Amino acid sequence: MAAMALSSLSLRPEASFLAGGSGIHTASRILTSRVPLSGFMKCGVPTPLRFFKGSLCTALLKNPTMPGLLGTHQEKEIVLKPDTRMRIFSGAANLSLAQEVASYLGLNLGKINIKRFADGEIYVQLQESVRGCDVFLVQPTCPPANENLMELLVMIDACRRASARTITAVIPYFGYARADRKTQGRESIAAKLVANLITEAGADRVLSCDLHSGQAMGYFDIFVDHVFGQPVILDYLASKKISPKDLVVVSPDVGGVARARGLAKKLSDAPLAIVDKRRQGHNISEVMNLIGDVKGMVAVLVDDMIDTAGTITNAAALLQKEGASAVYACCTHAVFSPPAIERLSGGLFQEVIVTNTIPVAEHNYFPQLVVLSVANLLAETIRRVHGDGSVSSIFQ
């Protein structure tokens, strides 16, 4: 009976052609009964979906002249919403900045539970799934530096154990960056230590803003995207409509000359002046000499951060002594350790321009203070990292 049944069946002409080496597996042969070709309904062969590098390959007609011939369609791009695999979470250090970043990207901040136990230990639990997602954790390691750093490490660990595809630590202000070399014997290089901790916790990438020194990027064994707050400050200075002929960019110390020169070039190639400083100890500085001419000009002091404000206020006093008509202080990170507020609000500065990489406490505001947001800059960088776009082109 089985032999008779099989003898009454044969391969369709198209199926015979398939078996002849058209590229389709012989397992895809279609058996039909001996009836006229016009008298039956053709059924497609069920083929499992295949993915290649995120693109969908489907089984469609390969040869339009032979309707029954099935083949593999060319890669068809899957259209996904840009936010389907992106998650933004924030630690406790700068929640307002993280909310601005998420708003720019059209997202809501991810739900996360962060609390302290009675003995001070940190507890972190993600309140939503991040499996297969690109996770961005916004957490500057600003004061209290050790608390915020440990919180970041525990957040990274939680995301890694929740099967996140990639974890990017967005650190607008990278604490310990000043401990980037040995200046005396038997000193630690804490910047390298912190880089190792972030890497070992499970981060795949670090995104930071205006590192204290460029070589800090080399301390990481993972990808580092270095973002500059300079475009935000440049836009604000342009709104002041100061004539380029009346402007001079000043570096408060020799170490910041490259940073000041870069800003001067973008301010219509403004002249450059340098304050020669002799540091007597940590957070203690003394201004010695001024290299350059500032008489009758608007001086723009540029630095990466203001901590106790000793360096920048001593430089401002020297500039006024040398005849500068006005002094603006510009920096990215407003650390503002005491007695910074008293020094900055003492009348030496026309304006003190900072960004919100570090949140400024309400009691630290004073009339000359201007706080600019870097949220759009960070958000655009995150968007390009997520979409494999160019980050350096933002600053060109």
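Everything numeric in this text was worked out from a predicted model, so none of it was measured. (Residues numbered from 1 in each chain as written. Predicted model: local features only at pLDDT ≥ 70, side-chain atom pairs only at ≥ 80, totals over all residues. Heavy atoms only, no water.)

**Observations regarding the overall build of the chain**
Here's step 1: Broken down by element type, the chain carries ten helices and 20 strands.
Here's step 2: Across the 396 residues of the chain, 46% fall into the buried class.
Here's step 3: For the chain, contacts bridging at least 24 residues in sequence account for 60% of all contacts bridging at least 6.
Here's step 4: For the chain, the computed accessible surface area is about 21,000 Å², with 54% contributed by carbon and sulfur atoms. (Helix = DSSP H or I, 4+ residues; strand = E, 2+ residues; numbered from the N terminus. Buried < 20%, exposed > 50% of the residue type's maximum accessible area, 1.4 Å probe, protein only. Contact = heavy atoms within 4.5 Å. Areas by Shrake-Rupley, 256 points an atom, 1.4 Å probe, with all protein chains shown as cover.)

**Some words on the side chain of Thr-168**
Here's step 1: Take Thr-168: it is sitting in strand β11 (residues 166-171).
Here's step 2: Ignoring sequence-local partners within four residues, the contact set of Thr-168 consists of Val-135, Phe-136, Leu-137, Arg-205 and Leu-207.

**Digging into unusual backbone geometry**
Here's step 1: Here the residue pair Pro-143 and Pro-144 is connected by a cis peptide bond, since its omega of -5 degrees sits within 30 degrees of zero.
Here's step 2: Looking at the element boundaries, Pro-144 is found in the loop between β10 (134-138) and α4 (145-161).
Here's step 3: Between Pro-338 and Pro-339 the backbone carries a cis peptide bond, its omega angle lying at 5 degrees.
Here's step 4: Of note, Pro-339 is situated in the loop between β18 (326-334) and α9 (340-344).
Here's step 5: For Ser-163, which is not glycine, the phi torsion reads 70 degrees and is therefore positive.
Here's step 6: The phi angle at Lys-241 is positive, at roughly 55 degrees, despite the residue not being glycine.
Here's step 7: Tracing the sequence through the fold places Lys-241 in the loop between α6 (230-239) and β14 (247-251).
Here's step 8: The exposed category is assigned to Lys-241, whose relative accessible area is 76%.

**A closer look at the pattern of salt bridges**
Here's step 1: According to the stated counting rule, one finds 13 salt bridges in the structure shown.
Here's step 2: Here Arg-160 ties to Asp-157 by a salt bridge, and the two come within 2.8 Å at their closest N and O atoms. Of this pair, Arg-160 and Asp-157 both sit in helix α4, three residues apart, which is roughly one turn of the helix.
Here's step 3: Beyond isolated ion pairs, a larger network of salt bridges with shared partners links Arg-116, Glu-147 and Glu-151. (Salt bridge = Lys/Arg side-chain N within 4 Å of Asp/Glu carboxyl O.)

**As for the environment of Tyr-173**
Here's step 1: Among the structural elements, Tyr-173 can be located in the loop between β11 and α5 (190-201).
Here's step 2: Spatially, the C-alpha atoms of Tyr-173 and Cys-142 are 6.4 Å apart, while their sequence positions differ by 31 residues.
Here's step 3: Setting aside chain neighbours within four positions, we find Tyr-173 in contact with Pro-140, Thr-141, Cys-142, Arg-178, Met-305, His-333, Val-335 and Ile-358.

**What about helix α7 (residues 257-266)?**
For an α-helix the count is 3.6 residues per turn, leaving residues at separations of three or four pointing the same way.
Here's step 1: Regarding α7, the residues found buried are Val-257, Ala-260, Leu-263 and Ala-264. Each buried residue of α7 sits inside an arc of 130 degrees when the element is viewed along its axis, so together they form one side. What points out from α7, more than 90 degrees from its buried face, is the exposed set Ala-258 and Lys-265. (Arc of directions from axis to C-beta.)

**A closer look at the packing of helix α3 (residues 95-104) against helix α10 (residues 375-386)**
Here's step 1: Between α3 and α10, the least distance of the axes is 8 Å, while the angle of their chain directions is 55 degrees. Regarding the angle of α3 to α10, the classification is oblique. Helix-helix and strand crossings are classified by hand; for α3 and α10 the assignment is right-handed. Contact residues: α3 offers Leu-97, Glu-100, Val-101 and Tyr-104, while α10 offers Ala-375, Asn-376, Leu-378, Ala-379, Glu-380 and Ile-382. (Axes fitted to C-alpha atoms, helices over the stretch in contact; angles between N-to-C directions. Parallel < 35°, antiparallel > 145°, perpendicular 65-115°, else oblique. Left-handed = near helix turned anticlockwise from the far one by under 90°.)

**A few points about the pairing of strand β8 (residues 112-116)**
Here's step 1: With five bridges connecting them, β8 and strand β9 (residues 122-126) associate as antiparallel partners. Paired with Arg-116 across the two strands is Ile-122, which belongs to β9. (Pairing = 2+ DSSP bridges.)

**Points about the packing of aromatic side chains**
Here's step 1: Under the defined criterion, the tally for this structure stands at three aromatic pairs.
Here's step 2: Both rings, one in Phe-174 and one in Phe-220, keep their centres 5.7 Å apart while their planes meet at 55 degrees; by these two values the pair is tilted. In this pair, Phe-174 is assigned in the loop between β11 and α5 and Phe-220 in the loop between β12 (205-209) and β13 (223-227), connecting sequence segments 46 residues apart. In terms of burial, Phe-174 and Phe-220 fall into one category: buried. (Phe/Tyr/Trp six-rings, centres within 6.5 Å; stacked < 30°, edge-to-face > 60°.)

**Observations concerning the packing of α4 against α5**
Here's step 1: Close contact between α4 and α5 brings their axes to 8 Å; oriented N to C, the two are set at 25 degrees. Put simply, α4 runs roughly parallel to α5. Here Leu-149, Leu-152, Leu-153, Ile-156, Asp-157 and Arg-160 of α4 come into contact with α5, specifically with Val-194, Leu-197, Ile-198 and Ala-201.

**A few points about the confidence of the model for the chain**
Here's step 1: Across the chain, the average pLDDT comes to 83, with 77% of residues at 70 or higher.
Here's step 2: Low pLDDT (under 50) marks residues 1-82, which in the prediction has 74 contacts with non-local residues, meaning those over four places away or in another chain. (pLDDT = per-residue confidence, 0-100.)

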